[in-house]
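Observations on the three-dimensional arrangement
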Amino acid sequence: MLDAVVVGAGFAGLYMLHRLRGLGLSVRVFETGKGVGGTWYWNRYPGARCDVESMDYSYSFSDELQQEWRWTERYSAQPEILKYINHVADRFDLRRDIQFETRVASAVFDEATHRWTIQTDRDDRVSARFCIMATGCLSDAQVPDFEGLATFAGKWYHTGRWPHEGVDFTGRRVAVIGTGSSAIQSIPIIAKQAAHVFVFQRTPNYSMPAQNAPLDPGYEREVKANYAEFRRQARESRVGFVVDRSGDSALAVPPDERRREYEKRWARGGLGFSAAYTDILTSQDANDTAAEFFRAKIRSIVHDPALADRLCPTDYPLGTKRLCVDTGYYATFNRDNVTLADVRKAPIEAITARGVRTREAEYAVDAIVFATGFDAMTGALLNINIRGRAGLTLQDAWAAGPRTYLGIAVAGFPNLFTITGPGSPSVLSNMIVSIEQHVDWIADCLASLRANGHAAIEATAEAQEAWVAHVNEVGHTTLYPRAKSWYMGANIPGKPRIFMPYIGGVGVYREKCDEVAARGYEGFALTA
Ligand code: FAD
Ligand code: NAP
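Residues numbered from 1 in each chain as written. Chains lettered and ligands numbered in written order. Predicted model: local features only at pLDDT ≥ 70, side-chain atom pairs only at ≥ 80, totals over all residues. Heavy atoms only, no water.

Description of the sheet that holds strand S12 (residues 338-342)
Ordered by their spatial adjacency, five strands build an open sheet running S7-S16-S8-S9-S12, and the pairing between neighbours is parallel. Bordering the open sheet on either side are strand S7 (155-158) and S12, each of which pairs with just one other strand. With strand direction ignored, the average angle separating the axes of adjacent strands in the sheet is 20 degrees. For strand S9 (residues 196-201) and S12, the ladder comprises five bridges, and the chain directions are parallel. Bridging from a neighbouring strand, Gln-201 pairs with Asp-342 of S12. The strands touched by helix H5 (residues 181-193) within the sheet are strand S8 (173-177), S9, S12 and strand S16 (367-370), with S8 carrying the most contacts at an inclination of about 170 degrees. (Pairing = 2+ DSSP bridges. Helix = DSSP H or I, 4+ residues; strand = E, 2+ residues; numbered from the N terminus. Axes fitted to C-alpha atoms, helices over the stretch in contact; angles between N-to-C directions. Contact = heavy atoms within 4.5 Å.)

As for the pairing of strand S5 (residues 115-120)
Judged from the six bridges that link them, strand S4 (residues 104-110) and S5 form a sheet pairing that is antiparallel. Each residue of the ladder has a partner; that of Val-108, found in S5, is Thr-117. In textbook terms, the turn of a hairpin is the stretch between consecutive antiparallel strands, and for S4 and S5 this stretch comprises four residues, one of which, His-114, has a positive phi near 55 degrees. Hairpin connection of S5 to strand S6 (residues 125-133): four residues between the antiparallel strands, including Asp-123 at a positive phi of 70 degrees.

A word on helix H7 (residues 227-236)
Every buried residue of H7 is listed here: Tyr-227, Arg-231 and Ala-234. Considered in projection along H7, the buried side chains sweep an arc of 55 degrees and stay on one side of the axis. The exposed residues of H7 that point more than 90 degrees off its buried face are Ala-228 and Glu-236. Each element contacted by the buried residues of H7 is listed here: helix H3 (63-68), helix H6 (217-225), helix H14 (431-451) and helix H16 (506-518). (Buried < 20%, exposed > 50% of the residue type's maximum accessible area, 1.4 Å probe, protein only. Arc of directions from axis to C-beta.)

Okay, here's the thing in structure tokens:
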């Protein structure tokens, strides 16, 4: 009999465990992987690194931790982030409550006892008052259902399930399928090693140079001297880190001035480009000015004009798929050993014993890298057989797309929480900020329930409907729904097309959540 089960041992699950322990609750964490780290445990592909700067992309809950830890680069690479998460697990003695190599298969709510029964693929069966999903927004890796994959004579990999021992591509012909963030980070490195790389592109992406570099010691000192204030500003910002945000419309400034602004941001690198003007993500005309700047950059980097054209995104607004952050991506196409295959024009028909066959040609390769992404935001949750009141399954409750209250709770599923669930800022933010905010809110909620003698908390259907409507309304004031993105569920055949994250801003959203708590958990029903 536990107070809480937490599913997942990434950034979210670890901090949740730490907070619940602090409340004196009994907790068990179940994690499919053999170690902690979540995203950073699984995504070990060459070039994997964060796209939010490390001084931001790190926990803020312990001042000792943030003062003593030293990042070596502006954007840390996966091994360093994984080392950091392992350090956190050790420093806060978290491992003793984590059961690794154990997948949670089902979670069933008992209305008589207000408890969850959680079952795993290892035949554990535990009862817990609260069930907290820290299963990750980007953890359910997807390999498209290509005909013939089983016949492929070479080796294949998914970026989100990369072998721990690494992969040596020396002398090999490699197909990379996909041109999202994972592909854009890995292709330049694979191309330096492999005999030949064939990049299968369906949709070109907008990618910013990272301008990565060793972490400037002066900057590190400055941030550490003011870390509390630095974090406060991040929490109150729109996206969970402070970007230089202009108050002007892109259309209100002369073209020369606008170009200078875009050049300045390109030279600085990283995310934050779309904050150059207030209307880049809300006005197609404003967006076109930024997109045209990107296309000109691509044409200035890629020597072959026809190839440059094929790398230029044209059919969706800049920023409405997550902006990528790269090191040398476009320039990689100037190499003799890199070929771009346009699978929009000639789709992949099958994987054969020899390689990848499109409508136009067969590409013989020794290895295939699927950089094909994830069933984002809902995949990991719906993989678990979650049953709430009256046997209602989450699959049924979300058949037309995810519906939540604040992205943290679901009507009909009492005492269940979803950290960075759909309907919260999550993937539109520095996720560590959003994770810490949800974890703190949930921990405070559990403390309040205990103090007031409540056995259960459940989002009301009315509050949920109002929140879903608000999330949709705000989403549709932007250009985001115009892209076939994973934010919209568009990367998964048959998935409902709904703009899943909340785009109202991290600071605004935090205020809303705090207000709900301050009003005695407004929009929730509490049971004694
Ligand atoms: P995860 O790290 O995904 O952890 C979830 C864990 O739950 C996984 O370990 C999984 O194995 C486990 N799990 C899932 N289902 C079950 C189950 N049924 N039973 C048991 N265990 C289960 N965000 C940013 O803000 N900045 C970045 O720079 C950034 N870079 C990224 C780079 C990559 C390659 C990817 C894929 C994502 C990136 N993200 C980034 C998003 C990233 O996912 C989050 O920042 C953060 O790491 C999520 O932490 P989490 O604990 O919520 O989820
Ligand atoms: P992704 O953005 O979903 O990209 C997947 C790619 O695979 C897309 O180019 C997609 O094309 C292509 N694809 C999928 N199915 C295909 C098919 N059947 N045929 C041909 N092409 C297909 O996935 P990701 O690159 O792993 O990134 C996911 C998210 O994780 C990112 O958006 C980001 O939030 C995070 N991430 C961050 C970083 C970082 O820089 N720190 C790195 C990696 C990931 P379409 O676009 O046409 O669908």
